[in-house]
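# Report on the structure
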Amino acid sequence: MKRPFSPLVWLCAASAIALGVLTVYDPAGVYAGYAASLEAGTPPIAAVFTAVQDGVYPWSVPAAPAETPPDPPYRLLTDIVTTEEMYSSVGNKEPFSDGAAEEGSAADGAAAEVTPSVEIVYSAPEQEEGDAPVEDASEGFIPVDESWFDDALFIGDSHIEGFADYAGLRNATFYYKRGLDIWSVMKKAVVNGKQTIPQALSTRRFAKIYIMLGINEIGCGTTESYAEQYASVVAQLRELQPDALIYIQSIFHTSQKKSDTTVYNNDTINARNEAISRIADGEYVFYLDCNAVFDDENGALTPAYSGDGVHVKAPYYTMWRDYLFQFGRVLPEPAEPPEQAEAGAPAAQSPAASGAAASATESAPAIEPVSGFSVSADGGMEKNGFAVEKTA
Amino acid sequence: MSFSDLRFIFYVLPAFVLLHALVPSKARNALLFLGSLAVYAWGAELETGAGLEATGILLGATVVNYLFGRWMANEDRVMRRAFLALALFLDFGTLFFFKYLFALLDALKPLTGHDYSFLHIVMPLGISFYIFQMTAYLIDVCRGTLEPETSFVDFGAFVAAFPQLTMGPILRYGDLRAALKERRPGREDVEQGFQLFAIGLAFKVLLADQFSYLWVVLERIGFDYISTPLAWLGAVGYSLQLYFDFHGYSLMATGLGRMLALPVARNFDEPYLSRSVSGFYRRWHMTLGAWFRDYLYIPLGGSRHGTARTILSLAAVWLLTGLWHGPTLNYLIWGGVLFAFIALERLFLRRAFGKLRVLPHLYLLFVIVQTWVVFHIDNLADLAAYFRRLYPFFGNAAAINYGDFTKYFSSYWWLFAIGILLCLPWPRRFYERFRGNALVWIPLFALFWLSVHFLATGSGNAFLYSRF
């Protein structure tokens, strides 16, 4: 007896060919960028799906070409990456530069997003006079107790998830998502799975905001592009909550083994921590070196504290909490309400300042040099600093 | 190369199926043999960085076992046995060298004081599977139940055929010979084979890999600090994960075989519906169980020489089954525990359960999910910690968040619901009844692309059985 015809294999083959052709020929010019940021050897058809993550569907392509530049694909923490791979993505070259992230589209997109009206500066290390902001900021801290966190907000990745579950701070508020990174933090619905952080912060006030982000995207972008994006997130938070103290918590180290064998490398982490420590202004924005809590004598995560080489086990979160107790401050007087946040229209600005503002809110780390901040071919900083400058 | 690698799905699979259909039937085994070696070398290179070495070892073992088969032809029983003994010594010696020697020396380090880390060699992918497959062939030839193969290419195709090379099923030459000599893959083979492949892929990517994140969370929290309900949820979750991982892989293997008109044996038969541990292992990884039954348990006397002999044979089978999975102590404990329950069933439980219907099922599930915990955790201190949380009667319970079960159950319950539903007989009955129907292929089409989406955007996980 003849079995009925089953079209599955033919449908899959036909659709695979169609999607394959779409990505390779790329009539709308959307997929080239996604294809370029795939790991070497991955079939180009995968670009269709990384694009879907940005809301770019094959049927929506001609209508909306390159609306959103791709987020850097982050690696999940379960992934083991070889050292070679690590250097191919963490090294000096920008791995995610692609056609989709063109300067023009990024600048257009910036108008729609929150335009920071606060000055947040990420300055290049070479230009510092030797006194790191960390040391400046360490002055003026006072010990506090649990009640300090009544109006505190924690924003972060799986580290903050563990902290929320096990640090025993029931009075604080936590906006977290596993796998969250500095490029997606303001865009994902991390507040009860419904609201984004900008949405939530437009209705709720916090006096302190603690950030912990950086481990998921450690294989993406460069130290500079990461710190640049970090500064832009801090600027947006300052804009949304002008009276809040913002604590930048250092990216936690990984265990020596994890550091040696995967992309989660402590040298990279140290470089990035050093870079984000420079965002602190000692007035509203502070940097906390949380690695003091869990490090062993080699500057890696103490193996006994961790089951996976990245996160600490449940009982150790209270050590982190107790550490934070040391860094209270006398709250500053409420600042003047910012006049017209939207007034920062690029037209009103000098070219340099508007360029910086655009780069502060665009989401791809691989934008070609904007004014005020540029990366030379070998990744070195050519100009000093990155200013998110504003009008207020 | 992993079947859930996008390069496999979009390059290797279509290329192989097309070429296989186009070449003259005389050249098919050569294509299968050489093409499989190439795919194996590529996959081993990607996974271990030692693709050529691994392929050399595979090829060497294939040549040696082929020659032993030839030499046994036309010899009398005594000579055949002598050849077999020598061949088994070489085969199991190779397996021992690559899989166990370093672990053994390392464990003895405190006694010997020598450092043997220069022996820490990368284990060739799939060696446990292909060595077992070839020894089965030689034993059958020695017994006279199988004519030795004269064509090296056909034998090589049997050993290396990519659908089954790295993770089984462990095939028997007798079952494949007819298909190796003559096969004409038709339209229906390709269609039905691909349907099985798509189901297996969905099991692996959409179920097993999703369950795996629960276990990642447990390791992150630390086994000492999970609540007892979460510990049980984790054990059940891992039981489902392992099932959909290996069952999914096996379905993909069977489907790929079908696409090439090769009968790749079934490895799973709804094991979680069993009513005893011994019954479970007739339905879980069936080809490994059958190997141990035919080539160890029955030769040792099986159940025909009294209770004591039976128990001894079972002990040998289960300790070696444990050891087959790896050189760590937890696998020995795992095999030992399974032996204990199987012996208990034979001596006592089977009669005690009598015709009860529900209790044996509950007993089986209760025992099996705990044995999987032993199977999974290779560090004994961690294993002890996990069991202290499964049975929270001893030890201190510090730093436990008693809301953890609610938290993770509320995000995983639907996965558990789907997983448990798919362990029941009805989904398969539905599939068998409607397999050419739009009720089957439309959902499968969606699941196939959803799986690809997950593979393209997440980080794929290796198949759990690729370690063995």
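Before going further, it helps to examine the sheet that holds strand E2 (residues 152-156) of chain A. Within a sheet, adjacent strands bond to each other through the backbone by hydrogen bonds, running parallel or antiparallel. Residue and element names in this part refer to chain A. Taken together, 5 strands build an open sheet; the order of strands is E3-E2-E4-E5-E6 and the sheet is parallel. Two strands close off the open sheet at either side, each with one partner strand: strand E3 (173-176) and strand E6 (285-288). Averaged over all neighbouring strand pairs, the angle between strand axes comes to 20°, with direction disregarded. Of the pairings in the sheet, the one linking E2 to strand E4 (residues 208-212) comprises 5 bridges and is parallel in character. Opposite Phe 154, over in E4, you have Tyr 210 as the bridge partner.

A few words on the packing of helix H2 (residues 28-48) of chain B against helix H3 (residues 51-72) of chain B. All names here are of chain B. Two numbers describe how H2 lies on H3: the axes approach to 7 Å, and their chain directions differ by 135°. Judged by the inter-axis angle, H2 sits oblique to H3. At the point where H2 passes H3, the crossing takes the right-handed sense. Residues Leu 37, Tyr 40, Ala 41, Trp 42, Ala 44, Glu 45 and Thr 48 of H2 touch H3, and the partners they reach there are Gly 51, Leu 52, Ala 54, Thr 55, Leu 58 and Leu 59.

Attention now moves to the pairing of E3 of chain A. All names here are of chain A. Sheet topology note: the E2/E3 ladder contains 4 bridges and is parallel. In the strand pairing of E3, Ile 155 is matched with Tyr 175. Running through helix H7 (residues 158-166), the crossover from E2 to the neighbouring parallel element E3 is right-handed.

Our focus in this paragraph is unusual backbone geometry. For the peptide bond that leads from Gly 168 of chain B to Pro 169 of chain B, omega is 0°, which places it in the cis range. Looking at where Pro 169 of chain B falls in the secondary structure, it is placed in the loop between helix H8 (152-160) and helix H9 (173-181). Even without a glycine there, the phi angle at Asp 26 of chain A is positive, about 50°. Along the chain, Asp 26 of chain A falls in the loop between helix H1 (8-25) and helix H2 (31-36). Assessed through the 18 C-beta atoms surrounding it within 10 Å, Asp 26 of chain A is described here as partly exposed. Of note, the phi angle at Ala 261 of chain B is positive, near 60°, even though the residue is not glycine. Tracing the backbone shows Ala 261 of chain B in the loop between helix H11 (228-259) and helix H12 (277-283).

So, about the interface of chain B and chain A. Facing 34 residues of chain B, the contacting portion of chain A comprises 33 residues. When residues of the side of chain B that touches chain A are traced back to their parent elements, those giving at least two are helix H1 (6-22), helix H10 (187-221) and helix H20 (438-457) of chain B. Per-element tally for the side of chain B that touches chain A: the top contributor is H10 of chain B, with 11 residues. Here the side of chain B that touches chain A is built from residues that sort into 18 nonpolar, 9 polar and 7 charged.

Conventions and cut-offs
- Residues numbered from 1 in each chain as written.
- Chains lettered and ligands numbered in written order.
- Predicted model: local features only at pLDDT ≥ 70, side-chain atom pairs only at ≥ 80, totals over all residues.
- Pairing = 2+ DSSP bridges.
- Helix = DSSP H or I, 4+ residues; strand = E, 2+ residues; numbered from the N terminus.
- Axes fitted to C-alpha atoms, helices over the stretch in contact; angles between N-to-C directions.
- Parallel < 35°, antiparallel > 145°, perpendicular 65-115°, else oblique.
- Left-handed = near helix turned anticlockwise from the far one by under 90°.
- Contact = placed C-beta atoms within 7 Å.
- Right-handed = clockwise from strand over helix to strand, strands pointing away.
- Buried ≥ 20, exposed ≤ 12 C-beta atoms within 10 Å, placed from the backbone.
- Nonpolar A, V, L, I, M, F, W, Y, C, P; charged D, E, K, R; others polar.

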